[in-house]
Amino acid sequence: MQPARPADKSQPADESRAAQPHRVTAWLLSPAGLLTGYLAVHLGYLAYLSIFVFQGQAFSDTNIYRAWAADGFPQNVQPSPWVYPMVGLLPIWISGLAGPGPFLILWVVLTSLLNGAALGILSGWGKKAEGVRAGWWWLVFIALMGLLGFARVDGVTAPIVLMGLSLGVASPFAASAILAFATWMKIWPAAALLPLFAVVRDRWKVLVGAALVTAGVVAAAAALGVLGHLLDFLTTQGSRGMQLEATFTTPWLWMSVLRLGGAHMYMNTEINSMQVDGPGSTVASALMQPLFVLVAAAIAGTIFWALHEGKKRGHEDRSELLLAGALAMVSAFIVFNKVGSPQFMVWLGPVVALGIAQDRAAWRVPARLLLGIAVATYFIYPLFYDALSHNNPLMAVVLTVRNVLLVILFVWSAIRLVRLGRRGAPAEPRREAGHEADAA
């Protein structure tokens with residue numbers, strides 16, 4: 001008889017170690033884990049930016065916002081408050097209610113509350129597993145973009161756009177009203193309104209929602225005596241040249257770095273923007289807006305085509321078309337723009353987060369691309385913007401890589417739209433049949 005083998009005492013320990021990562025992952029994907037992540041990111045930035053408040057300062061553009069609020073939004077200063085649509089001054093006014101001292105604190109708190117509401121909607125308040133995963137992705141993106149999201153109007157509009165797009169085709173009136181409100185804060189959310197109009201069945205609801213919000217803004221402007229400035233934001237950008245960080249500025253960026261053709265960087269003090277001038281830059285600047293209009297029309301046409309083809313093939317995924325179309329339009333708004341401020345990258349986060357929540361596998365590529373874009377942007381601003389604006393070749397490489405990633409993201413979204421149009425019959429019935437066969 002063989003002697004009895006001693007019990008393997010290492011097995012329970014091995015199983016415990018194997019189970020430990022599983023328990024950590026499970027906790028992270030729980031409502032409590034997501035809430036902890038949200039608090040860590042937002043309280044962390046609140047603590048950091050409080051240092052500026054204790055020194056009697058604000059940070060970046062919030063210094064300008066604070067001055068506007070303290071001076072009653074003067075109409076004759078540079079840069080002018082009316083560079084923003086009228087509702088864009090609302091969060092500035094709210095943050096200035098307690099005076100200039102705590103302005104930045106109130107700004108960060110306001111942004112954090114909006115982010116929290118958007119995160120709750122994205123994750124189903126912690127009840128949707130894929131939504132929680134998407135929520136973690138968005139928190140990482142917020143953390144990387146951080147100072148740009150917490151010190152610009154763009155950071156206020158991003159969670160509002162997420163909330164509007166989350167309603168999407170299910171509630172087109174409410175979605176349109178929310179997106180229109182965000183558009184009157186910063187013009188970029190209009191890039192999500194057009195795909196919404198294209199994909200919903202009751203398009204009149206989109207028109208009515210946007211019209212009612214616009215009528216309310218016009219009435220408020222008239223009541224405040226600023227109706228004459230309501231559309232100033234459409235003209236204040238007209239004199240801008242090619243901004244340093246803009247995608248199409250890349251050739252002139254390298255001409256300036258290599259000191260070719262007299263190309264050079266300079267500060268446009270009227271709008272607080274670093275620009276690049278050189279051979280052909282004036283022509284390129286003049287062509288950017290019409291070029292974007294052509295691209296936007298092409299995207300809208302592709303969305304309508306994809307929807308029509310989907311109907312014919314028995315597969316009309318309106319929600320997916322909305323998100324793919326919104327990503328194509330928003331990324332085009334960045335790529336085909338003579339303005340290329342680093343905070344523009346914040347615009348892309350809501351669309352990608354919702355895409356991850358809807359189909360994580362399909363949206364894996366843009367999710368990774370956008371995190372790469374966020375990391376590169378963080379190096380550009382706030383870390384090494386001074387070096388970039390003084391022709392540093394290494395930072396020119398970083399900016400070039402970031403711009404290439406933006407172009408790839410735009411191309412991915414355009415290809416995604418075309419593929420949605422060419423997709424055959426719905427995949428869901430086939431998956432269900434497979435599951436039934438397995439069960440049998």
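First things first, this report covers the structure right here in the doc.

Conventions we followed
Residues numbered from 1 in each chain as written. Predicted model: local features only at pLDDT ≥ 70, side-chain atom pairs only at ≥ 80, totals over all residues. Heavy atoms only, no water. Helix = DSSP H or I, 4+ residues; strand = E, 2+ residues; numbered from the N terminus. Contact = heavy atoms within 4.5 Å. Areas by Shrake-Rupley, 256 points an atom, 1.4 Å probe, with all protein chains shown as cover. Buried < 20%, exposed > 50% of the residue type's maximum accessible area, 1.4 Å probe, protein only. Phe/Tyr/Trp six-rings, centres within 6.5 Å; stacked < 30°, edge-to-face > 60°. Salt bridge = Lys/Arg side-chain N within 4 Å of Asp/Glu carboxyl O. Axes fitted to C-alpha atoms, helices over the stretch in contact; angles between N-to-C directions. Parallel < 35°, antiparallel > 145°, perpendicular 65-115°, else oblique. Left-handed = near helix turned anticlockwise from the far one by under 90°. Nonpolar A, V, L, I, M, F, W, Y, C, P; charged D, E, K, R; others polar. Expected span 1.5 Å × (residues − 1). Bend = angle between axes of the 7 residues up to and from the residue. 1 Å grid on protein atoms, 1.4 Å probe; cavity = no way out; pocket = protein on both sides within 12 Å on 5 of 7 lines; lining within 4 Å. Points joined across faces, edges and corners; volume = space filled by probe spheres on them. Patch = residues over 30% accessible without salt bridge, like charges linked within 9 Å, V, L, I, M, F, W, Y side chains within 5 Å.

## Side note on the overall build of the chain
Within the chain, the regular secondary structure consists of 18 helices and three strands. Across the chain, contacts joining residues at least 24 apart in sequence account for 74% of those joining residues at least 6 apart. Surface accessibility of the chain: about 20100 Å² in total, with carbon and sulfur atoms responsible for 66%.

## Some points on helix H14 (residues 348–358)
For H14, the tally of buried residues reaches nine of eleven residues, placing the bulk of the element in the interior. Burial in H14 covers these residues: Leu348, Gly349, Pro350, Val351, Val352, Ala353, Leu354, Gly355 and Ile356. Elements in contact with the buried residues of H14: helix H5 (103–122), helix H6 (129–150), helix H7 (153–167), helix H13 (318–335), helix H15 (364–383) and helix H17 (393–422).

## Side note on the packing of aromatic side chains
The description of an aromatic ring pair rests on the distance of the ring centres and on the angle between the ring planes. All chains considered together, the criterion is met by 19 aromatic pairs. For the pair Phe333 and Trp347, a centre-to-centre distance of 5.7 Å together with 40° between the ring planes defines the contact as tilted. Within this pair, whereas Phe333 is found in helix H13, its partner Trp347 is found in the loop between H13 and H14, the two being separated by 14 residues in sequence. Classification of Trp347 by relative accessible area gives buried; the value is 2%. Arranged with centres 5.4 Å apart and planes meeting at 80°, the rings of Phe336 and Phe410 form a pair that is edge-to-face.

## Some details on the pattern of salt bridges
Within the structure shown, the criterion is met by seven salt bridges. Where Arg152 meets Asp61, a salt bridge forms, and the shortest distance between an N and an O atom there is 3.5 Å. Placement of Arg152 in the loop between H6 and H7 and of Asp61 in helix H3 (residues 61–70) is noted, with a sequence separation of 91 residues between them. Here Asp154 and Lys186 are joined by a salt bridge, their closest N and O atoms 2.8 Å apart. Linking Asp154 in helix H7 with Lys186 in the loop between helix H8 (172–183) and helix H9 (190–199), this pair joins segments that are 32 residues apart in sequence.

## Considerations on unusual backbone geometry
Between Gln78 and Pro79 the backbone carries a cis peptide bond, its omega angle lying at -5°. Residue placement: Pro79 occurs in the loop between H3 and helix H4 (90–95). Of note, the amide linkage connecting Tyr381 to Pro382 takes the cis form, showing an omega dihedral of 15°. Mapped onto the elements, Pro382 comes out in helix H15. Although it is not a glycine, Phe73 sits at a positive phi angle of roughly 55°. Mapped onto the fold, Phe73 is located in the loop between H3 and H4. Judged by its relative accessible area of 15%, Phe73 is buried. A positive phi is found at Asn391, a non-glycine position, where the angle reads about 65°. If you trace the backbone, Asn391 turns up in the loop between helix H16 (385–388) and H17.

## Quick word on the packing of H7 against H8
For the pair H7 and H8, the least separation of the axes is 8 Å and the interaxial angle reads 165°. On the basis of the axis angle, H7 is roughly antiparallel to H8. Where H7 crosses over H8, the handedness of that crossing is left-handed. Residues Thr157, Ile160, Val161, Gly164, Leu165 and Leu167 of H7 form the contact with H8, whose own contacting residues are Ala174, Ala175, Ile178, Leu179, Phe181 and Ala182. A per-class count over the contact of H7 with H8 returns ten nonpolar, two polar and no charged.

## Regarding helix H12 (residues 281–313)
Its 33 residues place the ends of H12 46 Å apart at the C-alpha level, agreeing with the 48 Å of an ideal helix rising 1.5 Å per residue. Its axis deflected by about 35° at Met288, H12 carries its strongest bend there, up to four residues before the proline Pro290. In the stretch just after H12, Gly314 is the one whose phi turns positive, near 75°.

## Brief notes about the packing of helix H11 (residues 250–257) against H17
As a packed pair, H11 and H17 sit with axes 11 Å apart at the nearest point and diverge in direction by 170°. By the angle between their axes, H11 is roughly antiparallel relative to H17. Every residue of H17 that contacts H11 at Thr250, Leu253, Trp254 and Val257 is listed here: Pro393, Ala396, Val397, Leu399, Thr400 and Asn403. Within the contact of H11 with H17, the residues separate by chemical class into seven nonpolar, three polar and no charged.

## Here we look at empty space enclosed by the protein
This structure, assessed with the given rule, holds two cavities of 30 Å³ or more. In this structure, the largest cavity encloses a volume near 110 Å³. Along its surface, the largest cavity is lined by 13 residues, and Asn115, Ile142, Gly149, Gly155 and Val346 are the ones closest to its centre. Within the residue set of the lining of the largest cavity, elements represented by two or more residues are H5, H6 and H7. Looking at side-chain class alone, the lining of the largest cavity contains eight nonpolar, five polar and no charged residues.

## Section: a nonpolar patch on the surface
Together, Leu90, Trp93, Ile94, Leu97 and Phe181 make up a nonpolar patch on the protein surface, roughly 460 Å² of accessible area in all. Looking at which element gives the most residues to the nonpolar patch, the answer is H4, with three residues.

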